[in-house]
Amino acid sequence: MDFINQIINGLSTGSMYALVAIGYTMVYGIGKMINFAHGEIIMASSYFALVGISSLGLPPVAAIALSVVLTAALGVITEKVAYKPLRGKGSLEVLITAIGVSYLLQNVFYLIFTSSGKTFPDIMPQGSFHLGGLHITYITLITLIISGVCTGVLLFFIHKTKMGKAMRAVSEDAGAAQLMGINVSSTISLAFAIGSGLGAVAGVIYGAKFSLINPYIGAMLGIKAFIAAVLGGIGSIPGAMVGGLMIGVAESLTISYISSDFSDAIVFGILILILLIKPAGLFGKNVREKV
Amino acid sequence: MLLKVKDLNVNYGVIHAIKDVSFEVEEGEIVALIGANGAGKTSTLHAISSLISSKSGEIIFDGKDISKMPAHKIVGLNLAQVPEGRRIFAQLSVEDNLEMGAFLRDDNKIEDDIQHIYSLFPRLEERKKQLAGTLSGGEQQMLAMGRALMSKPKLLLLDEPSMGLSPILVNEIFDIIKTINKEEGVTVLLVEQNASKALKIADKAYVLETGTITVSGKAADVANNSRVKEAYLG
Amino acid sequence: SSTNQTKTTVKNPIFGFIGPLTGDASQYGTAVKNALELAVEKYNKENGTKITIKAYDDKADATEAVNAYNKLVDDDNVTAVLSPVTTASCLAVANASKAKSTPILTPSGTGDNITIDSSTKKAYKNVFRICTNDSYAGTYLAKLCNTKFNFRKVAILYNKELDYSAGLDASFEKEAKNQNVNVVYSGAYNANTKDFSTFISKIKASGCDSVYLPDYYESVVTITKQLRDAGINVPLFGGDGWDGILGVKGVNAKNFENTYYVSGFNKDATSGPAKAFIDAYQKKYNTMPNMFAAMEYDAVTVMMKAINAAKSTDPDKINEQLAKITVTNDEAACGGFKYNEYHDPQKEMVTVTVKNGKYVTVS
Amino acid sequence: MKPLLKTSGLGIQFGGLKAVDEFNFEIGEGQLFGLIGPNGAGKTTIFNLLTGVYKPTSGKILLDGVSLNKKSPTQITQMGIARTFQNIRLFKEMSVIDNVKVGLHHSHEYSLLSSILHLPSYFKGEEKMDQKARELLSVFGLEEFADVKASNLPYGKQRQLEIARALATSPKLLLLDEPAAGMNPTETAELMETIALIRKKFDISILLIEHDMKLVMGICEKICVLNFGTVLAFGSPDEIRNNPEVVAAYLGSEE
Amino acid sequence: MKKKLVKSLILALLMAAIPYIVLTLLMSLGILNSFWSGIIMLCGINIVLAVSLNLATGYLGQLTLGHAGFMAVGAYVSAILSIYYQWPFLLTLLIGALAAALIGIVVGVPSLRLKGDYLCIITLAFNEIIRVIIVNLKITNGSRGLIGTPHETNFTFVYLIAALTIFVVYSIVHSRHGRAIISVKEDETASELSGINITYYKILAFVISAFFAGAAGALYSHYIPVLVPKYFDYNKSVEILVMVVLGGMGSLPGSIIAAIALTVVPSLLISFSNYRMLIYAIVLIAAMLLKHSDAGIALKRMIPFLNKKGKEESL
Ligand SMILES: Nc1ncnc2c1ncn2[C@@H]1O[C@H](COP(=O)(O)OP(=O)(O)OP(=O)(O)O)[C@@H](O)[C@H]1O
Ligand SMILES: Nc1ncnc2c1ncn2[C@@H]1O[C@H](COP(=O)(O)OP(=O)(O)OP(=O)(O)O)[C@@H](O)[C@H]1O
Ligand SMILES: [Mg+2]
Ligand SMILES: [Mg+2]
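Reading the values: rules and limits
Residues numbered from 1 in each chain as written. Chains lettered and ligands numbered in written order. Predicted model: local features only at pLDDT ≥ 70, side-chain atom pairs only at ≥ 80, totals over all residues. Heavy atoms only, no water. Donors = N, O, S within 2.8 Å, 3.2 Å for Na, K, Ca; no water. Helix = DSSP H or I, 4+ residues; strand = E, 2+ residues; numbered from the N terminus. Phe/Tyr/Trp six-rings, centres within 6.5 Å; stacked < 30°, edge-to-face > 60°. Buried < 20%, exposed > 50% of the residue type's maximum accessible area, 1.4 Å probe, protein only. Near = heavy atom within 4 Å. Polar contact = N/O pair within 3.5 Å; in protein donor to acceptor, adjacent residues only side chain to side chain. Areas by Shrake-Rupley, 256 points an atom, 1.4 Å probe, with all protein chains shown as cover. Nonpolar A, V, L, I, M, F, W, Y, C, P; charged D, E, K, R; others polar. Contact = heavy atoms within 4.5 Å. Buried area = accessible area lost by both parts, 1.4 Å probe. Salt bridge = Lys/Arg side-chain N within 4 Å of Asp/Glu carboxyl O. UniProt positions renumbered as here; feature names shortened; annotations may be inferred. Pairing = 2+ DSSP bridges. Right-handed = clockwise from strand over helix to strand, strands pointing away. 1 Å grid on protein atoms, 1.4 Å probe; cavity = no way out; pocket = protein on both sides within 12 Å on 5 of 7 lines; lining within 4 Å. Points joined across faces, edges and corners; volume = space filled by probe spheres on them. Expected span 1.5 Å × (residues − 1).

Caption draft 1: Molecular detail of the coordination of the magnesium ion (ligand 4). The magnesium ion (ligand 4) binds to the protein through Thr 44 of chain D (OG1) and Gln 86 of chain D (OE1); the donor distances cover 1.9 to 2.1 Å. With Thr 44 of chain D in helix H1 (residues 43-50) and Gln 86 of chain D in the loop between strand S6 (81-83) and helix H3 (96-104), this residue pair connects regions lying 42 residues apart in the sequence.

What follows is the structure, given as C-alpha cells:
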C-alpha cells in the first residue's frame, strides 16, 4: 500500500513537471530552441495569480485566468523581444539569450517582491481522502486531472486541427510553411502563448501545493521539466507528459526505497540509462537521417 | 499581365546575386527561366515569393505590388511555389502535407482536391500515411507539386521540378506541367536545368546568366539561339 | 586609515559589508545590510560620528566574497568588515584576510570552523562572530530534548545541501546519544525539494514523538504545512533558522502550535536593546527583523566598543580589544557575551514557542 | 578480371517495406558500372548498405573477399570504398582544401603528440597533405578555390569537391550518387570527361547512380537496372536501352 | 611552409610572454591591487575552462552542460591530495586533471549515441551526479565545505596553465586531428564516410576538454580557501557555456575575450548591490542581440584578429 501511495505522490509532482515540460517541448518543436527562461515564466505566473488573489481580491478562478493570460503574454513578449531577432542564428545562441532572460525575470521579480517567500493562498480544497488503504490529498487528485485534461486538449489541437498541423509544419521548415500561406511569426507566438499558458496552470498548482513561492522557484522546476521533456523525446507532447510523470515517480520511489541522499543522482542515472537505450527519448521518433 | 518583374535586385550581404532583372508572365502561359548553376534562378523565385527580403525593384502580381508583402500573404493571392529541393514536411504524412497546401482555403472541396492529386500521382495515394521524409526523391517531388496545387494557384513557380527524377518521370512531370497549364488554366513560371525539355513546353523563355537576363523571347526562338544551343542544349 | 590614530575617539571608521544581495539567499543579506545601515545611522546620530558603509554583493559565493573583501580592503580601506553573511563566504574571507588582519565580525556565519585557522588549529586573530555556531545550537537542542521537552523518539528531516542544516543535524545527532534521545528516522532532502510527501510517509511510519527540522524558516513553513496536512501533529522543533517563521506573509500560524525553537534573539522583548532595535527596524523598513539582522545591529555596537577601547583604527589594536571584550545584556539586542579562545561568543539561548499565533518565550 | 566487390542475397527492410531484396552483384577492378532505376527503386539504399550506413537485414557484401557486413562506415571507407551523396554533404564551414584534407586524414598519419609538440613529423605530414590535396583539387580545376569556404562554391563545383574528397581517401571503389543532378548539358559533358579521367588516373572502379541517360549510356560499360528493390535487368548500355521492361519501367519512350 | 610555421610559433611565444611580464610588473608594483589580481586569477581560470569547453562544444560540436562537473573532479581530487597527503601542488594538479579526463571518457561515451539536446541533458545529469556524490562523501565534508587546501595557486601557475591550454587546443585544431574533430561537427555521416574514426575523435575531444577543466578545478581549489559543492552546479556549467557561445563557437580569441569580459563585468558590478544581476542579465541579452545585429557584425569586421575568415567570406 505504501508503494502505491508513493507512486501517487510521484504522479502528482510528476504531472506538474509534465505541464511545464509540455511548454518546453512546444517551444522546442517550433523554434528548435531550449527556452531556458521557461521555468522563470512559470515563477512569474505564480506571482500573477498571487497578486490577483491577494492584492486585487479576485476569486481564485478569475485570478488563475488572469495569470494564464498574463503569462501567455509574457511568453509572447519574451519571444518577440529576445528570441526573434536571433531566429536562424543557431539554437545555442538563443539558448544563451534565454539564460539571460531567465536571470532578468528572476531579478525583476526579486526587486518587486524581494527574495523572501510569499505564502500562496489555499485555493484548492485542503486535506485528503482515503480510498481503500490509499491516502490521497485533493490537491494530488486535482493536479492529475487538470494536467490530464490539458494534455488531451493540446494533443487534439496539434494533431487534428489545421492550426496544429501548421504548427508542426513551421517547426520543420519555416520557409516552406510560408509558401503554404502560414504566418510563421504568429504561429511561433501561438506556440509560446500555449506553452506559457500551460505553464501558468503549473505555476498555480505549484503555489497551491507548496504554498510558498519566491523568485527562484522556476530554476529547478525548469531543469526538472526540461529533463522530463528530453526523456520523453523533446518535441513530443505525449513524451513530455510521460517523461514528467516518470521523473516524479522515480524521485518518489528512490527517496522512499533506495536512498534519500542519492535520490537526485539515482534519478539522473536512470535518465542516462534510458537515453542510452533510446537515444531520442521514449517517444522521440528516431528517424534515421536519410543519407 | 499576370506577373511583372521590373528592375529586380537581390543582395546576399556583399554578393549582388540579381542585377536589374525584368520579365513578364502573361496569364495562361508557361514561361521558362533557364540558366547555369548559380545564375540566380532560385533567388529570383525567392524574391517573388518574398522568402528573401533583401531586394529592390517592382513585382506586380495580378495588378498588386507584392514586393513588400510578407510571404504568407502572397500565397493568399494564389501564387504558389514548388521550392528547389522540394522541402516537403518530413515529419508529416503525405496526406497532411497535401492538407497544408490548402492551408489558406476554407471551402469544402479540399478532400476532393486531395483525391484529384492522387489521380495525378497514384504513387502518393499508395503512400498517403507514410511520413513524407522517408519517400524517395522522386516521390517527394511529386508530393511537393501536389502540395502546391492544393492552394489552387493562378501562378505556379516551379524550381527545377525534374531534378533527380528518372527519365520516365521527367517526361511525366513535364506532361503534368502541361496538363496543369492547359486543363486547369494554371500559369507556370518554370525554372529548369533541363533546358531542352523546358523550352519544348514553354511559350516564352528567359536566359539568366550571373544575375542578368541575357536572352529572351519566344521559347522556340530561344531554343534556336546559337549561344543557348551551345551552352544549355548540349 | 592612519589619519585618526592620534585622536581619542575615532570619528569616521568605514565598515565593509559582504553578503548575498541577489540570488536565493538575498533575503538574509538584505536584512543584515538593512540592520547595518540602521545601526550606523543611529550610532552616528547619538555619538556625532561619521561612520560610512561600503556594501558589496557576493551572491553567497565564496569566490565573489573574496573579490569583495579584496576590494573593501584595498580600494575602500575599510576599518572593519561586519560580515560576510553566509558560512562559506566567511570561511573564504577569514582565510584570505590572514595577510591583512583587518577585523572581521560576522553576524551570521554559523559554521563551526569560521574563526579557526585550519593550519594552526587556533583562532584567527582577526575573525569574530556575534552568532553562536552550529554545534552550539544542535547540542543545546539535544540537551533540551532530554531536560525540558522529554522527547525520546525524534525524527529528523534536514537539508543536506545546506551547510547550516547539515551542521545542526550532525551536532544534534552526536549529542542525542549522550542525552538518551533516540533518533528514529533521519531523512535528508535537497535544497530544491518542495514535495516532502515521501519523507512524510516515512516519518509517519517511524512512530516518532517529535520532529526536528533544522533548516531556515522558508523550508520549515513548507514542510510543516505538509506534515500537518498529512495529520502529523507531534511537536516540531528547530534551531535559530526558524526565526522569523510567523513573519512569512499569509502563513497559517495554526500549523505552528506545539512547535519550539531556540534563538539568540528574543522577538517578544518588551524592553531593553532588543525592543529598541525591533521598534527602530520596523519603523524604518516596515517589517519584522530577523535574528541575523539583530546580530548585525549588535556587531556595530561591539565593533565600536572595541574601536573606542583601542582608540585607533589600527587593526591589530582593534583585534586585541575584541578578543577580550565583555558585552553586557544592556548593550546587545541578542544578549551579552564574552569570547572563548575560539572567538565564539558564550551566550544564553532563548526557547520560543507559538501560542495562539504569537511567539511566546518559554522560560 | 578480378572481382572487387561482390554482394549476394543482399537485402534490407524498413518496417514492412523491402527496400532492397536479393541483390546479387559483382563489380570488377577498373570497371565503370551504372546503377539506374525508377525513383525509390532502392539505389541510394544500396549505396548506404555498401558503405555501412545501413546494416543489411540479409545477405553478404564482400570487398576483395573480405566481408563488410560487420564493419563500420569508417572501416569500410578505410578499406577502400568512397562515395558521394545524393544531397551534397560537404563540410560547409571548412575551406575547400580542408575538405579534401579530411579525406586524406587516414592515409597521412602523424600522432596527436607530434602535432601538439610541433615535431618534424607534424610539419612533414602537413606539407605532404597540402601537396596531395592541391594535386587532387587541380584535377577538378578547384585549385584557385582552395581557401574558399566550401558552402560558397557554386553548386556544380561543390559536386566536384565532393568527388575530390572521396578520392582523397584513396578508394578502390568509388560510388557516385547522381553526380550530374542539377547540372546543365555542358556541365554534364565536362563531368563525363572528368569521370573517365579519374578512372584512368587513379585506376579505380566506379559505381554510378544517375538519371541522366546521356551520361550513363555514354560512359558506363555495364548497367544494372533496379526496380522495387530487385534487379530488373543487367547488361551493356545497348542491351539496356532496348530492353522493353526497362523502357516501360524507367526510360519511357523518347518522343 | 615549415619556416612560416616555426616563425609564427616564435611569434606566439613572444605574444604570450609580453602580457605575463607586464601583468607581473603591475602587480608587484602594486598598481594592480589584490582586488584586481584576484580577478586576473579568476580570468585565467575561466580562460582555461572556456577554451577547453570550446574544443568539445565549439569544434567538435557536442553541446555539453557539464563542464563544471569535470572542474569539480579536478578541484576535489587535487585538494584532497594536498590536504590529506601533502603532495606537491603541481602533482596534485596533474592527477586532478587526469581524474577529470577519466570522467571525460565516461561522459564522452554517451556522445557516441546521443546528439544535441539529448547529450546536453546527459552531461548536465553527470554534472549533478558528481555534485551529489561530493555532497554525500565524508572526505569532501559535503555541503559544509572542504577547508584547509594550501593556497598554492599564484599568477604564474594560472598564466602558465592558461597559456598551455590555449597552445594545446590551438595545436590540435590546426592539425589533421583538429580537422577530423571539426569535420565531425560539420557532418558526422560525411566524416565517417571520409574514413574518420568519429568514436575516437569524440572521446578524444571530451577527454582533452575534461583534462583542462580538471586542471582549472585544481587551480581553483588551491586559490579559494573553501570548496563547496554548490559552486559546481549546472549554473557554473552554464556560465562557461555562455563564455564559449558569446565568444563564438570554435573561436579561440573569442573564448578568451568572453572569459575575461564575463569575469570582469560581474566583478565590477558588485557595488550595484541588488541591481547587479539585473544589470548583468541586460548586458548579456544586449551582447547577444548586438553580436548578431548589423552593427555588431560590422564592428567585428573591424577587429582584425576576430576576422580571420574574411578572405573566405568575400567570394
Ligand atoms: N543564402 C545565400 N547566401 C549567400 N549567397 C547566396 C545565397 N543563396 C544564393 N547565393 C548566391 O547567389 C547566387 C545565385 O544563387 P541561386 O541559388 O539563385 O542560383 P540558381 O540559378 O538557382 O542555381 P542552381 O541551378 O544551382 O539552383 C549564387 O552565386 C549563390 O552562391
Ligand atoms: N530510412 C528509411 N526508412 C523508411 N523507408 C526508407 C528509408 N530509406 C529509404 N526508404 C524507402 O526505400 C525506398 C528506396 O529508397 P532509395 O532512396 O534507395 O531510392 P532511390 O532508388 O535512391 O531513389 P531516387 O532515385 O529517387 O533517389 C523508397 O521507397 C524509400 O521511401
Ligand atoms: Mg536554384
Ligand atoms: Mg537516391
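Caption draft 2: Geometry of the packing of aromatic side chains. All names here are of chain C. One pass over the full model with this rule turns up 53 aromatic pairs over all chains. Ring centres of Tyr 136 and Tyr 140 lie 6.4 Å apart, and the angle between their planes is 20°; this geometry places the pair in the stacked category. With a gap of 4 residues between them, Tyr 136 and Tyr 140 both fall in helix H4 (residues 134-149), about one helical turn apart. Among the residues examined, Tyr 136 registers a relative accessible area of 24% and is labelled partly exposed. An aromatic cluster is present here, built from Phe 149, Phe 151, Phe 172, Tyr 212, Phe 237 and Tyr 260 joined pairwise through their rings.

Caption draft 3: Representation of the coordination of the magnesium ion (ligand 3) in the model. All names here are of chain B. For the magnesium ion (ligand 3), every protein donor is listed as Thr 42 (OG1) and Glu 84 (OE), and the spread of their distances is 1.8 to 2.4 Å. Note that Thr 42 is positioned in helix H1 (residues 41-49) and Glu 84 in the loop between strand S6 (79-82) and helix H3 (94-101), a separation of 42 residues in sequence. Glu 84 gets classed as partly exposed once you look at its relative accessible area, which sits at 31%.

Caption draft 4: Region of the structure containing the site of ligand 1. Residues and elements named next belong to chain B. In the vicinity of ligand 1, 15 residues are found, and the nearest of them are Asn 37, Gly 38, Thr 42, Ser 43 and Glu 84. Between ligand 1 and the protein, one listed contact pairs an oxygen atom with a backbone N or O atom of Gly 40 at 2.8 Å. One of the side-chain N or O atoms of Glu 160 is found 3.1 Å from an oxygen atom in ligand 1. Relative to its unbound accessible surface of 630 Å², ligand 1 loses 68% to contact with the protein. Only strand S2 (15-25) and H1 provide two or more residues apiece to the shell around ligand 1. At 3 residues, the largest contribution of residues to the shell around ligand 1 is made by H1. Of the residues assigned to the shell around ligand 1, the class counts are 6 nonpolar, 6 polar and 3 charged.

Caption draft 5: Spatial organisation of the interface of chain A and chain E. Contact with chain A, which involves 45 residues of that partner, is made by 38 residues of chain E. Taken over both partners, the interface formed by chain A and chain E buries close to 3,800 Å², and the fraction arising from carbon and sulfur atoms is 79%. Of all residues in chain A, the largest losses of buried area upon contact with chain E belong to Leu 92, Ile 96 and Tyr 103 of chain A, amounting jointly to 16% of the total for that side. Our count for the contact surface shared by chain A and chain E stands at 1 salt bridge.

Caption draft 6: Local environment of the UniProt feature "transmembrane region" (unreviewed entry) in chain A. UniProt marks residues 6-29, 64-82, 94-113, 133-158, 188-207 and 265-284 of chain A with the feature "transmembrane region" (unreviewed entry), using the numbering shown here. Measuring from the first to the last C-alpha atom of residues 64-82 of chain A gives 26 Å, for a span that is 100% helix and 0% strand.

Caption draft 7: Expanded view of the interface of chain E and chain C. Contacts between the two partners involve 27 residues from chain E and, on the opposite side, 34 residues from chain C. Summed over both sides, the interface of chain E with chain C buries roughly 2,600 Å², with 59% coming from carbon and sulfur. On the chain E side of the interface with chain C, the three residues burying the most area are Phe 35, Arg 144 and Ile 270 of chain E, jointly 21% of the side's total. Applying the counting criterion to the chain E and chain C interface returns 3 salt bridges.

Caption draft 8: Just the pattern of salt bridges, in detail. All names here are of chain B. A full pass over the atoms with the stated rule returns 45 salt bridges over all chains. Across the pair Asp 113 and Arg 105 runs a salt bridge, and its minimum N-O distance is 2.6 Å. Assigned by exposure class, Asp 113 and Arg 105 land together as buried. Arg 127 is the partner of Glu 139 in a salt bridge, and the nearest nitrogen-oxygen pair spans 3.3 Å. Of this pair, Glu 139 sits in helix H6 (residues 137-149) while Arg 127 sits in the loop between helix H5 (122-126) and H6, placing them 12 residues apart in sequence. Of the two residues examined, Glu 139 and Arg 127, each falls in the buried class. Because the salt bridges share partners, they merge into one network encompassing Arg 105, Asp 107, Asp 113 and Lys 152.

Caption draft 9: Expanded view of the pairing of strand S9 (residues 182-189) of chain C. Residue and element names in this part refer to chain C. Across 7 bridges, strand S8 (residues 153-159) lies against S9 in parallel orientation. Bridge pairing in S9 places Leu 157 opposite Gly 187. Assessed by its sense of winding, the connection that carries the chain from S8 through helix H5 (residues 163-178) to S9 is right-handed.

Caption draft 10: Highlighting the layout of surface pockets. Computed from the structure, the second largest pocket encloses a volume of approximately 1,100 Å³. Lining the second largest pocket are 41 residues, with Asn 194, Ser 196 and Lys 197 of chain B together with Asp 212 and Met 213 of chain D sitting closest to its centre. Secondary structure elements with two or more residues in the lining of the second largest pocket: helix H7 (167-183), helix H8 (195-201) and helix H10 (226-233) of chain B together with helix H7 (185-202) and helix H8 (213-219) of chain D. Sort the elements by how many residues they give to the lining of the second largest pocket and H7 of chain B lands first, with 6 residues. Here the lining of the second largest pocket is composed, by residue class, of 17 nonpolar, 12 polar and 12 charged.

Caption draft 11: Spotlight on helix H9 (residues 291-310) of chain C. All names here are of chain C. The end-to-end C-alpha distance of H9 is 28 Å, a good match for the 28 Å that 20 residues give at a rise of 1.5 Å each. For H9, the buried fraction is high: 16 of the 20 residues fall into the buried class. Measuring from the side-chain oxygen of the N-cap residue of H9 to the backbone nitrogen of Phe 292 gives 3.2 Å; that N-cap residue is Asn 290.

Caption draft 12: Local environment of the side chain of Gln 86 of chain D. Residues and elements named next belong to chain D. On the accessibility criterion, Gln 86 (16% relative accessible area) is buried. In terms of polar contacts, Gln 86 uses its side chain to reach the side chain of Glu 178, at 3.2 Å. Not counting chain neighbours up to four residues away, the residues in contact with Gln 86 comprise Thr 44, Arg 159, Asp 177 and Glu 178.

Caption draft 13: Structural detail: the environment of Ile 133 of chain E. Residue position: Ile 133 of chain E is located in helix H5 (residues 116-136). For Ile 133 of chain E and Pro 229 of chain E, which are 96 residues apart along the polypeptide, the C-alpha to C-alpha distance reads 9.4 Å.

Caption draft 14: Expanded view of the site of ligand 2. The environment of ligand 2 is made up of 24 residues, and the closest members are Thr 134 of chain B together with Asn 39, Lys 43, Thr 44 and Thr 45 of chain D. Lying at an intersection of chains, ligand 2 is approached by residues of chains A, B and D. At 2.8 Å from an oxygen atom of ligand 2 is found a side-chain nitrogen or oxygen belonging to Gln 86 of chain D. Protein burial of ligand 2: of its 630 Å² of free accessible surface, 94% is covered by the chains. Secondary-structure elements contributing two or more residues to the shell around ligand 2 are H6 of chain B together with strand S2 (17-28) and H1 of chain D. Grouping the amino acids of the shell around ligand 2 by side-chain chemistry returns 7 nonpolar, 12 polar and 5 charged.

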